[in-house]
Amino acid sequence: MTIHPVTLIGGGPGAWDLITLRGARALEEAEVILTDHLGPELSRIVDVRDKEVIDVAKLPYGRSVAQEETNRLLVEYALAGRKVARLKGGDPFVFGRGFEEVQHLTAHGVACEVIPGVTSAVSVPAAAGVPVTHRGVTHAFTVVSGHVAPGEGLVDWSALARVGGSIVVVMGVRHVAAITAALIGAGLPRDTPATAVMEGTTLAQRSVTGSVETLAADMTRAEISSPAVYVIGEVARL
Ligand SMILES: C[S@@+](CC[C@H](N)C(=O)[O-])C[C@H]1O[C@@H](n2cnc3c(N)ncnc32)[C@H](O)[C@@H]1O
C-alpha cells in the first residue's frame with residue numbers, strides 16, 4: 001500500500017477564487033478532505049460527490065473539534081492509503097495551527113506538503129481598500145493575535161504602540177476595547193486611524209473606519225463581529 005503525503009492547503013480568506021491554483025489542484029486530487037469553518041466554500045472549487053469531506057472546524061467560543069482529534073484523523077486516513085487534503089482558511093502557518101499538524105504527521109512517519117495561502121491579515125484589509133504598507137506612510141506592519149486580553153498572552157502591546165507601523169489584529173473582536181485602551185495607554189495617539197473589516201472578500205463583507213479611540217464603539221455600532229480583522233495605523237486613513 002502506498003502512503004501518500006498529506007497536503008496542507010491554505011484556502012485564502014473566504015472568496016472561493018482566492019485559493020492558489022496549486023491548492024485547487026490538490027483538492028481535486030484528494031480522496032478525503034478535512035475542512036475548517038473559515039476559508040473558501042469547498043463545493044465552489046471541486047466536485048465533492050466522490051470525496052469524503054470531514055468538518056473539523058473550531059468555532060470561536062463554540063462547537064469545536066479538538067486539535068488532537070484532527071491530528072489523529074489525518075494520520076489514520078493517511079496510513080490507510082487515502083489521499084488526504086487538509087484545507088485551512090488563509091495561510092496554514094498564520095495562526096492556523098498548521099505546523100502542529102505537520103509535526104504530528106512527521107512524528108507518525110507521514111510526509112506533508114504545504115501549499116501556502118493568501119492570509120486574511122493582508123487580503124482582508126486590502127479588500128476594504130486598506131494597504132498594510134504604503135510608500136512614505138509606513139515601512140512596517142505587525143500581525144498580532146488578539147484572542148487573549150492584553151497582559152494575559154505573549155504580545156507586548158506597549159512595545160507595539162511604539163513600533164510606528166501598521167498594527168493588524170486578527171481574532172481581536174472580543175478584546176478590542178482592552179486592546180485599543182492598552183495601545184493608547186502606552187502612548188499611541190488617540191486619533192490614529194483604524195479600520196475593522198468583517199467577512200472580508202465575501203459577499204457579507206462589512207467595514208468601519210474611525211480612530212483607535214473610537215474603534216470599539218464603531219465596531220459595536222456597525223455590528224462587526226467575528227471573523228474580523230482590524231488595522232490600526234496611518235494606512236487606515238488612505
Ligand atoms: C484562527 S485565525 C486563522 C487565520 C488564517 N490562517 C489566515 O491566515 O488568514 C482566524 C481569524 O482570521 C481572521 N479572518 C479569517 N478570514 C477572515 C475574513 N474573511 N474576514 C475577516 N477576518 C478573517 C479573523 O480575525 C479570524 O478570527
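Residues numbered from 1 in each chain as written. Predicted model: local features only at pLDDT ≥ 70, side-chain atom pairs only at ≥ 80, totals over all residues. Heavy atoms only, no water.

J.: Which residues make up the overall build of the protein, and what values go with them?
T.: Assigned secondary structure in the protein consists of 7 helices and 10 strands. A compact globule built from 238 residues would reach a C-alpha radius of gyration of about 18 Å, and the protein, at 19 Å, matches this within 12%. Structurally, the protein occupies a C-alpha span of about 60 × 35 × 35 Å along its principal axes. Within the protein, the fraction of its 238 residues that count as buried is 45%. When contacts within the protein are restricted to residue pairs at least 6 apart in sequence, long-range pairs at least 24 apart make up 66% of them. (Helix = DSSP H or I, 4+ residues; strand = E, 2+ residues; numbered from the N terminus. Rg over C-alpha atoms; globule rule 2.2 N^0.38 Å. Buried < 20%, exposed > 50% of the residue type's maximum accessible area, 1.4 Å probe, protein only. Contact = heavy atoms within 4.5 Å.)

J.: Before we move on, can you summarise the packing of aromatic side chains with the specific residues and values?
T.: Each aromatic ring pair is described using two quantities: the centre-to-centre distance and the angle formed by the ring planes. Taken as a whole and judged by the stated rule, the model has 1 aromatic pair. When the centroid spacing of 5.6 Å and the interplanar angle of 80 degrees are considered together, the rings of Phe93 and Phe99 count as edge-to-face. Since its relative accessible area comes to 46%, Phe99 is described here as partly exposed. (Phe/Tyr/Trp six-rings, centres within 6.5 Å; stacked < 30°, edge-to-face > 60°.)

J.: Could you give an account of the sheet that holds strand E4 (residues 84-88), naming the residues involved and the relevant values?
T.: Ordered by their spatial adjacency, 5 strands build an open sheet running E3-E2-E4-E1-E5, and the pairing between neighbours is parallel. In the strand order of this sheet, the two ends are held by strand E3 (52-55) and strand E5 (112-115), each with one partner. This sheet shows a mean twist of 20 degrees between the axes of neighbouring strands, independent of strand direction. Bridge count for strand E1 (residues 6-10) against E4 is 4 bridges, and the pairing is parallel. (Pairing = 2+ DSSP bridges. Axes fitted to C-alpha atoms, helices over the stretch in contact; angles between N-to-C directions.)

J.: A description of the packing of helix H2 (residues 67-79) against helix H3 (residues 98-107) should follow, citing residues and the corresponding values.
T.: Relative to each other, H2 and H3 sit at 45 degrees, their axes nearing to 10 Å. As judged from the angle between their axes, H2 and H3 are oblique. For the pair H2 and H3, the crossing hand works out as right-handed. Of the residues in H3, those in contact with Gln67, Thr70, Asn71, Arg72, Leu74 and Val75 of H2 are Glu100, Glu101, His104 and Leu105. Residue classes in the contact of H2 with H3 are distributed as 3 nonpolar, 4 polar and 3 charged. (Parallel < 35°, antiparallel > 145°, perpendicular 65-115°, else oblique. Left-handed = near helix turned anticlockwise from the far one by under 90°. Nonpolar A, V, L, I, M, F, W, Y, C, P; charged D, E, K, R; others polar.)

J.: Quick rundown of the sheet that holds strand E8 (residues 193-198)? Include the residues and the values.
T.: On the basis of which strands lie adjacent, the open sheet formed by 5 strands has the order E6-E7-E10-E8-E9 and mixed pairing. Whereas interior strands pair on both sides, the edge strands pair on one side only; in this sheet they are strand E6 (141-145) and strand E9 (206-211). Across the sheet, the mean angle from the axis of one strand to that of its neighbour is 15 degrees, orientation sign disregarded. Of the strand pairs in this sheet, E8 and strand E10 (residues 228-232) are connected by 5 bridges, and their pairing is antiparallel. Across the sheet, Thr195 pairs through a bridge with Val231, a residue of E10. Contacts from helix H4 (residues 120-127) reach E6, strand E7 (166-170), E8 and E10 within the one sheet, and its direction differs from that of E10 by about 80 degrees. Where helix H6 (residues 176-185) meets the sheet, its contacts fall on E7 and E10, and the angle it forms with E10 comes to roughly 15 degrees.

J.: Got a sec to walk through the side chain of Arg86? Specific residues and values, please.
T.: Summarising the element assignment, Arg86 is placed in strand E4. Overall, the relative accessible area of 1% leaves Arg86 in the buried class. Residues in contact with Arg86, not counting those within four places in the same chain, are Thr7, Leu8, Ile9, Leu34, Thr35, Asp36, Val56, Thr70, Leu74 and Glu101.

J.: Before we move on, can you summarise the domain arrangement of the protein with the specific residues and values?
T.: Taken domain by domain, the protein holds domain 1 (6-115) and domain 2 (120-237). Taken over C-alpha atoms, the centre of domain 1 sits 28 Å from the centre of domain 2. At the junction of the two partners, domain 1 supplies 9 residues and domain 2 supplies 15 residues. Buried surface at the junction of domain 1 and domain 2, summed over both partners, amounts to about 790 Å²; 71% is from carbon and sulfur atoms. Counting the contacts that link domain 1 with domain 2 gives 1 residue pair in polar contact (both at pLDDT 80 or more). Broken down by class, the residue content of the side of domain 1 that touches domain 2 amounts to 7 nonpolar, 2 polar and no charged. (Domains from an automatic or database assignment. Buried area = accessible area lost by both parts, 1.4 Å probe. Polar contact = N/O pair within 3.5 Å; in protein donor to acceptor, adjacent residues only side chain to side chain.)

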